[in-house]
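Working through the structure, step by step
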Amino acid sequence: MTTPIDFKAQLIAEFQLNETRLNGESRSSLHQRRRLALSRFEQLGFPTIRHEEWKYSNVKNLVSQEFNITPSAEISHEDLTSLEIPNLAGNILYFINGQYQPQLSTIVSPADEVEILTFTEGYKKYPALVEEHFAQYADDSNDAFTALNTAFAQYGAFIHVTKGKIVETPIILRFISDARAENVAVQLRNLVIVEERASVKVAESFRTIGDFSSFTNTVTEAFLGNEANYDHYKVQDESEKAFHIGTTQVHHSDKALSYDTTVTLNGGWIRNNLNLVMGGEHVEAHLTGLYLPNGKQHIDNHTLVDHAMPNSYSNELYKGIMFDKSTGVFNGKIFVREDAQKTNAYQSCKNVLASPDATMNTKPQLEIYADDVKCSHGTTTGQMDEEALFYLQSRGIPKDKGRALLMLAFAEDVVEKIKIPAIREYLESAIAKKVGEV
Amino acid sequence: MLKIENLQASIGEKQILKGINLEVKPGEVHAIMGPNGSGKSTLASVLAGREDYDVTGGSVLFEGKDLLELAPEERAAEGIFLAFQYPVEIPGVSTTNFLKTALNEIRKYQGQEPLDAVSFLKRMKEKMKLVNIDQSLLSRSLNEGFSGGEKKRNEVFQMAMLEPRLGILDETDSGLDIDALRIVAEGVNTLRDGERSFIVVTHYQRLLDYIVPDFVHVLYKGRIVKSGTKELALELEEKGYDWIKAEVDALV
Ligand SMILES: Nc1ncnc2c1ncn2[C@@H]1O[C@H](COP(=O)(O)OP(=O)(O)OP(=O)(O)O)[C@@H](O)[C@H]1O
Ligand SMILES: [Mg+2]
């Protein structure tokens, strides 16, 4: 019998091995930042359920697995046919086990509008810009996975939108875990910088192929300049054996406008953190989420809206339909700091338990230190609306179909927020299929 | 067409229908009146197949079939339509889409091809005119934020679209303004073709001025305690229910 490898030790050893290959770069301030992150990871270790933030999401099964943490990426066009999103057009970047695949990718937007590079290329070309923003927003001082991710920052995308440019062509990042041969673990780090008055839509799509386990630890940091517009979509359709821990961090300057939509169709065990910090005034932020777990899937969404400055608006709507023995968590924090007068902050989380064995834990957490604010929150978790179902049946619509129709309608509030038509249509048909089958 | 014999139904421990007998023949209009809480909506719901109620006795035959054996959607496909006293709001589903689905499911059950888009729209236009309902209302979410009257009008519009054999109208007149009442009633009258039957639950004679019933029944404490022709409705309008209640309660 072999003794299981300690995952933490394995990661630290890999970091040190990697460092010996860096030569001159090891003295760069980027790498010094990675080192700091690694030491934080070492100190923090993986969280247990005693940690307040991880109470309902146990990482035990994740960290006790063995993963290849430096998996290879060999994939052909044919391997990807099953993952295609019909009619998808735009800047499409494929990353297989973290590694960028130029031969599969298409970049059409001109570089004077938006520079789309890999994280590594971005750092080579714009070291000062990367150092100015990298790891400045996603806090790794108290989050082991963000610390780990920061320490390993290397794979992922760098997106820089030039001042005043409206990028109409969406940017679609397709992250595919190839678990056909072994258990794979991948760390992804994206940096998005949207300069003043610029506008961009970025979608991240997560898929898996293969029957082995996969672990994705991903962090996307976005900095929004004054009056910047940012649409960000995260779409997850992973395997039953996929673990996913992700942090989306958005920093707003004055009058920035953001839409974040997170849709989880499938995945084994998922933790999504969405953190918005309003570092400017007159910010408008929309957060929407949808999750439809079935089987024994576990989906945890933690959101944080930090109203650090006055006169801003945030609106949050998360919706879930829980099938079978699935489990879900919604934790929504809203901070309204002392200075943040005239804040409007709304939060709502609505869940349908489509099975008596499914469970959903919701926890809104409002901390308000200013007095002139408008805040509201509400969570509901209940059964399917039987009155509505009977109404549909009484018009000739069979029960199963009626139930699917109601679920689709329930999901539509979130899906309609996605402004990339091909992705919206893909989701609508995937959701219709899922609610029709489960 | 419809034959109800000694129908008994309860909810939990509480018996609400205590032996209803009613026969409706093709083309007939039966009005059901009676005090609040007497069981009128319960009867309508049991006929439409609401699962909250337990049928504890009796039988219902519809066109020779045992109605109580059928799921609500099968009853609808067989030709029963219930216009709800309190139509349900369904966010995110437009009336148009919902009706297309409903109509085609019914056609499927009846072994017919789905209606093509052109014929569907044609039928929509025709029936919209019938009840004077606006397109903008139909593209909104089903009943969501509709006024009371708009909801009722939408019920009759749906009935016109689905062309049932038996329409059950549960207080469709309440909440309608005077003009809407006339329009809706005329819509119903247009659907009276000598074959299609109606059960009209109402509290007011006013509706029966427009939709003239063949029979009027009084439901009280879960039983039909009096039946007559349209003159009975006039008498009730004038005298109220006390005399009937007194008659019935004296027997107990
Ligand atoms: N779900 C329920 N739970 C408990 N009691 C019920 C339920 N539904 C109906 N009832 C009771 O059954 C009785 C009959 O109700 P029903 O709605 O059929 O009356 P109705 O004749 O339609 O009255 P109205 O004229 O006010 O519409 C009432 O006493 C009502 O409270
Ligand atoms: Mg009633």
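This section reports on the structure supplied with the text. (Residues numbered from 1 in each chain as written. Chains lettered and ligands numbered in written order. Predicted model: local features only at pLDDT ≥ 70, side-chain atom pairs only at ≥ 80, totals over all residues. Heavy atoms only, no water.)

**A word on the packing of aromatic side chains**
Residue and element names in this part refer to chain A. Put simply, the rule is: Working definition: rings of Phe, Tyr and Trp (its six-membered ring) pair if their centres are within 6.5 Å, and the pair is stacked with planes under 30 degrees apart, edge-to-face with planes over 60 apart, and tilted otherwise. Between buried and exposed lies partly exposed: a residue is buried under 20% and exposed over 50% of the maximum accessible area for its type, with that area taken using a 1.4 Å probe on protein chains only. Working rule: Lys NZ or Arg CZ, within 6 Å of ring centre, within 35 degrees of ring normal, means a charge sits over the ring.
Under the definition given, this model contains 21 aromatic pairs over all chains. Relative to Phe 46, the ring of Phe 41 has its centre 5.4 Å away and its plane inclined at 75°; by these criteria the two rings are edge-to-face. Phe 41 gets classed as buried once you look at its relative accessible area, which sits at 0%. Here the aromatic cluster, defined as three or more aromatic residues joined through ring pairs, consists of Phe 7, Phe 41, Phe 46, Trp 54, Phe 67, Phe 145 and Phe 215. Just above the ring of Trp 54 sits the side chain of Arg 271; from NZ or CZ to the centre is 4.0 Å.

**Section: the interface of chain A and chain B**
The criterion, for reference: Residue contacts follow a heavy-atom distance rule, with two residues in contact if any of their heavy atoms lie within 4.5 Å. In short, buried area is how much 1.4 Å probe accessible area vanishes from two parts on joining, totalled over both. Throughout this description, the term salt bridge denotes a Lys or Arg side-chain nitrogen within 4 Å of a carboxyl oxygen of Asp or Glu. A run of DSSP states H or I qualifies as a helix once it reaches four residues; a run of E qualifies as a strand once it reaches two. Both are numbered from the N-terminal end. Residue classes follow a fixed rule: Ala, Val, Leu, Ile, Met, Phe, Trp, Tyr, Cys and Pro count as nonpolar, while Asp, Glu, Lys and Arg count as charged, and any other residue, Gly among them, counts as polar.
Facing 16 residues of chain A, the contacting portion of chain B comprises 30 residues. In total, chain A and chain B occlude about 1,900 Å² of area from one another, counting both sides; carbon and sulfur atoms represent 64% of this. Area buried by chain A at its contact with chain B is led by A:Phe390, A:Tyr391 and A:Arg395, which between them contribute 40% of it. Here chain A is connected to chain B by four salt bridges. One salt bridge in this structure joins B:Arg50 and A:Glu387, with 2.4 Å as the shortest N-O distance. Counting residues per element, the ones that place at least two in the side of chain A that touches chain B are helix H7 (386-393) and helix H8 (399-415) of chain A. Broken down by element, the side of chain A that touches chain B gets its largest block of residues, six residues, from H7(A). Residue classes in the side of chain A that touches chain B are distributed as nine nonpolar, three polar and four charged.

**Re the coordination of the magnesium ion (ligand 2)**
All names here are of chain B. Test applied: Distances define the donors: N, O and S atoms within 2.8 Å of the metal qualify, as do those within 3.2 Å of Na, K or Ca. Water is excluded, so some sites may look unfinished.
Bound to the magnesium ion (ligand 2) on the protein side are Ser 41 (OG) and Gln 85 (OE1), at distances that span 2.0 to 2.2 Å. Within this pair, whereas Ser 41 is found in helix H1 (residues 40-48), its partner Gln 85 is found in the loop between strand E6 (80-83) and strand E7 (90-94), the two being separated by 44 residues in sequence. In this structure Ser 41 comes out as partly exposed when scored by relative accessible area, which is 24%.

**Observations regarding unusual backbone geometry**
Across residues other than glycine, the phi torsion is negative in most instances, and most of the peptide bonds are trans. Notably, A:Ala135 is not glycine yet its phi reads approximately 60°, a positive angle. For A:Ala135, the location among the structural elements is in the loop between helix H5 (127-133) and helix H6 (144-151). Despite not being glycine, B:Glu171 has its phi angle at roughly 50°, a positive value. Among the structural elements, B:Glu171 can be located in the loop between strand E9 (166-170) and helix H7 (178-191). Since its relative accessible area comes to 8%, B:Glu171 is described here as buried.

**Overview of the site of ligand 1**
All names here are of chain B. Filter applied, for reference: Distances are taken per atom, and a residue is near a molecule or strand as soon as one of its heavy atoms is within 4 Å of it. Throughout this description, a polar contact denotes any pair of N or O atoms lying within 3.5 Å of each other; where both atoms belong to protein, one of them has to be capable of donating a hydrogen while the other can accept it, and for residues adjacent in sequence the pair is counted only when both atoms sit in side chains. Working definition of accessibility: Shrake-Rupley area with a 1.4 Å probe, residue cover restricted to the visible protein chains.
Around ligand 1 sit 15 residues, and of these Gly 37, Lys 40, Ser 41, Thr 42 and His 203 come closest. Side-chain polar atom of Thr 42 to an oxygen atom of ligand 1: 2.5 Å apart, as the coordinates give it. Relative to its unbound accessible area of 630 Å², ligand 1 is 64% covered by the protein chains. Contributions of two or more residues to the shell around ligand 1 are made by strand E2 (14-24) and H1. Residue contributions to the shell around ligand 1 peak at three residues, all from H1. Residues belonging to the shell around ligand 1 are distributed by class as follows: four nonpolar, eight polar and three charged.

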